[in-house]
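Here are the chains, one letter per residue:
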Amino acid sequence: MAMQRVLTGITTTGTVHLGNYVGAIRPAILASRDELSESFFFLADYHALIKCSDPALIRQSSKEIAATWLALGLDTEKAVFYRQSDIPEISELNWILCCSAAKGLMNRAHAYKSSIQANEDVGEDADFGVTMGLFSYPVLMAADILMFNAEKIPVGRDQIQHVEMARDIAQRFNHNFTEVFSLPEAVVNEDGAVLQGTDGRKMSKSYSNTIPLFLSEKPLRKAINKIRTNLLEPGVPKDPDDSTVFQLWAAFASTEETARMRNEFQAGIAWGEAKKQLFELINSELADARDNYTRLMDDPGHIESVLLQGAERARQYSGKMICKVREAVGIGAIR
Ligand code: TRP
């Protein structure tokens, strides 16, 4: 079987929570151990600038996210792990792709359209607060992907459209010039991909309902205790499929343990007891990684050196690719 190249970026805004872990990071790290795949994971710090104008937050988030992936055991000898802004070829490709990506395609991007809609809803000028960064976000994302000829792009549902746009942009470029780019495809992790937050809605920073991944024991226990439940008393059967506590349980437990908890729900387990067991379960999966994380956060020099080594490896690919692209469009040395 042929090697398959997998690539995904993580925008460096905010602190990693259990939803990111279960939906994206844990499956990505697992998949990266597959002998038949080559993984490229990167900190999308250029993308962070689109959403966030607080430099301290972006710096902190970049550090936390890098430390998280390393703490969870990403093998950076196998996977290529780097920071987007360390790869200057990406910005160059971004520009070149801007020159073949259709403006009309960008007009259809959900993120941009919802900003426009929000402005129109309140009677503002449609473009109020819309930056060129937001508008051309999908082109930068296409540059991230096409640079490495990545084929499989694990993303959340909200990003599928962007991967499709990258595919469109690649096709158009290949058609206009020469066949330089492979066509990427989005991969959405279907099982248990979307974790519920403490209020029962999708766990998301924008709802303030997240449980940060590396909370220490006490705050973790507290956060789990705060998960919203109904008021059913101990002894009264509870519906596991309508419960955030159960959903989180299933995201961390084995099949057998999940079946056992399902029975306990039907037998009327007390909420306090279910939460206590949930805490023990999550805590035991994360305890070692949390120790690694704390150590890494105290050793930024190590994180930095790992990222720089990753960038060096990534640039072996991007350097060659940008030469091909330049050649294809006709820029470069006079001969
Ligand atoms: N835009 C993605 C997000 O917010 C992050 C990202 C940037 C990305 N570049 C990428 C994901 C390339 C996959 C491939 O989630």
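Bear in mind that the values here come from a model prediction, so they are computed numbers and not experimental data.

Participant: Run through the packing of aromatic side chains, naming residues and quoting values.
Facilitator: The full count for this structure, using the stated rule, is 14 aromatic pairs. On the basis of an interplanar angle of 20° and a centroid distance of 5.4 Å, the ring pair of F42 and Y82 is categorised as stacked. Taken together, the residues span a long stretch of sequence, with F42 in strand β2 (residues 37-44) and Y82 in strand β3 (residues 80-83) at a distance of 40 residues. The buried category is assigned to F42, whose relative accessible area is 3%.

Participant: I'd love a proper account of the environment of Q161, names of residues and values included.
Facilitator: Inspection of the secondary structure assignment puts Q161 in helix α8 (residues 160-176). Measuring from C-alpha to C-alpha, the distance between Q161 and A111 comes to 10.0 Å, with 50 residues separating the pair along the chain. When neighbours within four sequence positions are excluded, Q161 is seen to be in contact with R108, A109 and H110. Reaching out from Q161, the side chain makes a polar contact with the backbone oxygen of R108 at a distance of 2.8 Å. A distance of 2.8 Å separates a polar atom in the side chain of Q161 from the backbone nitrogen of H110.

Participant: Lay out the site of the ligand in plain terms, naming residues and giving numbers.
Facilitator: Lining the immediate surroundings of the ligand are 14 residues, of which T11, H47, Y137, D144 and Q159 lie closest. T11 places a side-chain nitrogen or oxygen 3.0 Å from an oxygen atom of the ligand. At a separation of 3.1 Å, a nitrogen atom of the ligand approaches a polar side-chain atom of Q159. The set of elements that each furnish at least two residues to the shell around the ligand consists of β1 (4-11), β2 and α7 (132-146). Residue composition of the shell around the ligand, grouped by class: eight nonpolar, five polar and one charged.

The rules behind these values
- Residues numbered from 1 in each chain as written.
- Predicted model: local features only at pLDDT ≥ 70, side-chain atom pairs only at ≥ 80, totals over all residues.
- Heavy atoms only, no water.
- Phe/Tyr/Trp six-rings, centres within 6.5 Å; stacked < 30°, edge-to-face > 60°.
- Helix = DSSP H or I, 4+ residues; strand = E, 2+ residues; numbered from the N terminus.
- Buried < 20%, exposed > 50% of the residue type's maximum accessible area, 1.4 Å probe, protein only.
- Contact = heavy atoms within 4.5 Å.
- Polar contact = N/O pair within 3.5 Å; in protein donor to acceptor, adjacent residues only side chain to side chain.
- Near = heavy atom within 4 Å.
- Nonpolar A, V, L, I, M, F, W, Y, C, P; charged D, E, K, R; others polar.

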